[in-house]
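# Inside the fold
Residue strings, one per chain:
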Amino acid sequence: MAKRDDPETIGRRVQRLRRERGLTQRQLAEPAYTPAYISTLEAGRVRASDEALRHVAERLGVTFEELATGRPAHLATDLRLRLTEAQRTLATGEAGKAAEQYARLLAEAEEHELTDVRAEALLGLGECALETGELASGRQFFERSEQALAEAPLPARVPALRGRAVSHYLAGELRYAVYLFETTLDELNRGGLHDPDALLLLYASVIGPYMDMGAHARAAQAAEFALALAPQAGDPALVARMHRSVARTLLAEGRIAEADASLAKAAELYRHLQLRTELANCHWMRGYVCAQNGELQRAEEELRAAQTMLSARRATLYTSQVAVELADVLHRRGKSEEAAGLLRQVLGDLSSERGAVHAAAAHRLLGIIAEDARDTEAAEEHYVRALSLLERAGAAGDLADLCRLLGDLLRRTGRVEAALDAYRTGLGHRTAPGTTTLGPAPAQPPL
């Protein structure tokens, strides 16, 4: 129950409501209390019992909560319904409109000191910020949501923790994102807090950072746990998100058909739920699967569909990331000029703090295109920029390949010692993918 107001505030409220209804103190008091008691209550000189306030509320024709806290009847229920509407708005890709709805909800929740609604509104604002690529703002909203739920059990704080970790991941801070995911998973599992939705959300979300860091074994294990938890989860959107993430590990293991089937399940759920942004992400991942399987025409179609859907929803960061993968497919199809133009167009939206791994991928591909055009100076410049971005992000999975490209270029231009340094750097990242930056694995769920 919400915290009641102080006696003086309640007293003034009783007096105002009594006068609005044309009642005397005697009429309000009888038959259970005296006019003197009502006079003392209205003056704020007595802290009324719940029983007394319920009597007064009944006589005044208001609810106990409205009299004790000043909140209109059914306010909490109304705000909950509007929260659901804001969630639906965001799910259908209208992040700007959803942000306006969440901001209004936040203001009302703060006015009436509704902590749970305030935390949900902040979480929604964080998700809207991620959608539009405003990572710093999103992180602040997630942190405030966590703070609002500081006294709540850990599973209740997991969505905000996950949002904060994803904002660090998208900013290129892979190690810290994995640290947040793993410490939360460890605390949940060691503490016996086996909430299926919370665990599924974390395991599905940590797969991306694991893959980019080259920690493929941990990514595969997280996918296995996610698949095992899915039947217990109560959120269909969460299950759909899980299928999309698991597809990455299946793909890495060469299980192309299973990856495609997992994405098909996710897409079916998203269509049913009308989660259009997530449906765009399914097209994105399916395009990636097709590209890895050599189906370049289908890959281009899927990636263009994802780009169109995300662009229409002003999901700028995700749109730029899709464009990088589309450019790779275009280059492989012999459309290098179009690919280079697309990359230069989106590089302004990517940086070391915003989509670092895809920024590196853009520079890597521009380097390859420059090499094909025999512009070794431009190629080297792009490779070096990509190397810097990947080292900062800790993306070991891509560093070794880039060092090979740079080493080959340096060797062909006669700089043998510099080429050897590049090869050694690549070998250092290839020896034990992910193990140089990750500590012991978190405790496992009791499946």
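The rules behind these values
- Residues numbered from 1 in each chain as written.
- Predicted model: local features only at pLDDT ≥ 70, side-chain atom pairs only at ≥ 80, totals over all residues.
- Heavy atoms only, no water.
- Helix = DSSP H or I, 4+ residues; strand = E, 2+ residues; numbered from the N terminus.
- Rg over C-alpha atoms; globule rule 2.2 N^0.38 Å.
- Buried < 20%, exposed > 50% of the residue type's maximum accessible area, 1.4 Å probe, protein only.
- Contact = heavy atoms within 4.5 Å.
- Areas by Shrake-Rupley, 256 points an atom, 1.4 Å probe, with all protein chains shown as cover.
- Lys, Arg positive; Asp, Glu negative; His and termini not counted.
- Charge placed at Lys NZ, Arg CZ, Asp CG, Glu CD.
- UniProt positions renumbered as here; feature names shortened; annotations may be inferred.
- Axes fitted to C-alpha atoms, helices over the stretch in contact; angles between N-to-C directions.
- Parallel < 35°, antiparallel > 145°, perpendicular 65-115°, else oblique.
- Left-handed = near helix turned anticlockwise from the far one by under 90°.
- Nonpolar A, V, L, I, M, F, W, Y, C, P; charged D, E, K, R; others polar.
- Expected span 1.5 Å × (residues − 1).
- Polar contact = N/O pair within 3.5 Å; in protein donor to acceptor, adjacent residues only side chain to side chain.
- Core = buried A, V, L, I, M, F, W, Y, C linked by side-chain atoms within 4.5 Å.
- Salt bridge = Lys/Arg side-chain N within 4 Å of Asp/Glu carboxyl O.

Next up on the list: the overall build of the protein. Along the protein, the regular secondary structure elements total 23 helices and zero strands. Taking 447 residues into account, the globule formula puts the C-alpha radius of gyration at 22 Å, and the protein, at 28 Å, lies well above it. Each principal axis of the C-alpha distribution contributes one length, and for the protein these read about 100 × 40 × 40 Å. Counting all 447 residues of the protein, 52% fall into the buried class. Taking the contacts inside the protein whose residues are at least 6 apart along the sequence as the reference set, 61% of them involve residues at least 24 apart. Accessible area of the protein: about 20,600 Å², with a carbon and sulfur share of 49%. Of the side chains in the protein, 55 bear a positive and 63 a negative charge, and the two mean positions are spaced by 2 Å.

With respect to the helices and strands, the residue leucine 41 is situated in helix α3 (residues 35-42). Residues within four places of leucine 41 in sequence aside, it is in contact with Pro7, Gly11, Val14, Val46 and Ala48.

In the UniProt entry, the feature "domain: HTH cro/C1-type" (unreviewed entry) is given for residues 14-67. Within the segment residues 14-67, helix and strand shares are 65% and 0% respectively, and the terminal C-alpha atoms sit 7 Å apart.

Turning next to the packing of helix α10 (residues 154-170) against helix α11 (residues 174-190). Look at α10 against α11: their axes get within 8 Å of each other, and the N-to-C directions meet at 165°. Between α10 and α11, the crossing angle belongs to the class labelled roughly antiparallel. For the pair α10 and α11, the crossing hand works out as left-handed. Residues Leu154, Pro155, Val158, Leu161, Arg162, Arg164, Ala165, Val166, His168 and Tyr169 of α10 lie in contact with α11, whose contacting residues are Leu174, Tyr176, Ala177, Leu180, Phe181, Thr184, Glu187 and Leu188. Taken together, the residues of the contact of α10 with α11 sort by class into 13 nonpolar, two polar and three charged.

Remark: helix α18 (residues 316-332) packs on helix α20 (residues 356-372), axes separated minimally by 9 Å, with the N-to-C direction vectors making an angle of 25°. Of the possible angle classes, the one that applies to α18 and α20 is roughly parallel. The interaxial crossing formed by α18 with α20 has left-handed handedness. Across the interface between the two elements, Gln321, Val324, Glu325, Ala327, Asp328 and His331 from α18 touch His358, Ala361, Ala362, Leu365, Ile368, Ile369 and Asp372 from α20. The residue inventory of the contact of α18 with α20, partitioned by class, reads seven nonpolar, three polar and three charged.

Let us look at helix α9 (residues 135-148). Turn by turn, an α-helix covers 3.6 residues, leaving residues three or four places apart pointing in a common direction. A rise of 1.5 Å per residue sets the reference length of α9, with its 14 residues, at 20 Å; its end C-alpha atoms lie 20 Å apart and thus fit the reference within 8%. Residues Leu135, Gly138, Arg139, Phe142, Ser145, Glu146 and Ala148 constitute the buried set of α9.

Time to look at the environment of arginine 218. With respect to the helices and strands, arginine 218 occurs in helix α13 (residues 216-229). Put simply, arginine 218 and isoleucine 207 are 11 residues apart on the chain and 8.0 Å apart in space, counted from C-alpha to C-alpha. Among the polar contacts listed, one links the side chain of arginine 218 to the side chain of glutamate 182, at a separation of 2.8 Å.

On to the side chain of histidine 283, then. Structurally, histidine 283 can be placed in helix α16 (residues 276-292). Sequence-distant contacts of histidine 283, defined by excluding residues within four places in its chain, comprise Glu302, Leu303, Ala305, Ala306 and Met309.

For the rest of this paragraph, the subject is the nonpolar core. Ranked by internal contacts, the top residues of the largest apolar core, which has 111 residues, are Leu200, Tyr203, Met242 and Tyr383. If you tally residues by element for this core, the top one is helix α12 (residues 196-213), at 12 residues. By size, the runner-up hydrophobic cluster in this structure holds 17 residues, among which are Leu41, Ala48, Ala57 and Val62.

Let us look at the pattern of salt bridges. Here the structure, examined in full by the defined rule, presents 30 salt bridges. In this structure, arginine 118 and glutamate 110 form a salt bridge, with 3.1 Å as the shortest nitrogen-oxygen distance. With a relative accessible area of 23%, arginine 118 lands in the partly exposed category. Residues aspartate 421 and arginine 424 are paired through a salt bridge, measuring 3.0 Å at the closest nitrogen-oxygen approach. With aspartate 421 and arginine 424 both in helix α23 (residues 416-430) and three residues apart, this pair spans about one turn of that helix. Here the salt bridges do not stand alone but share partners, grouping Glu300, Arg304, Arg333, Lys335 and Glu338 into one network.

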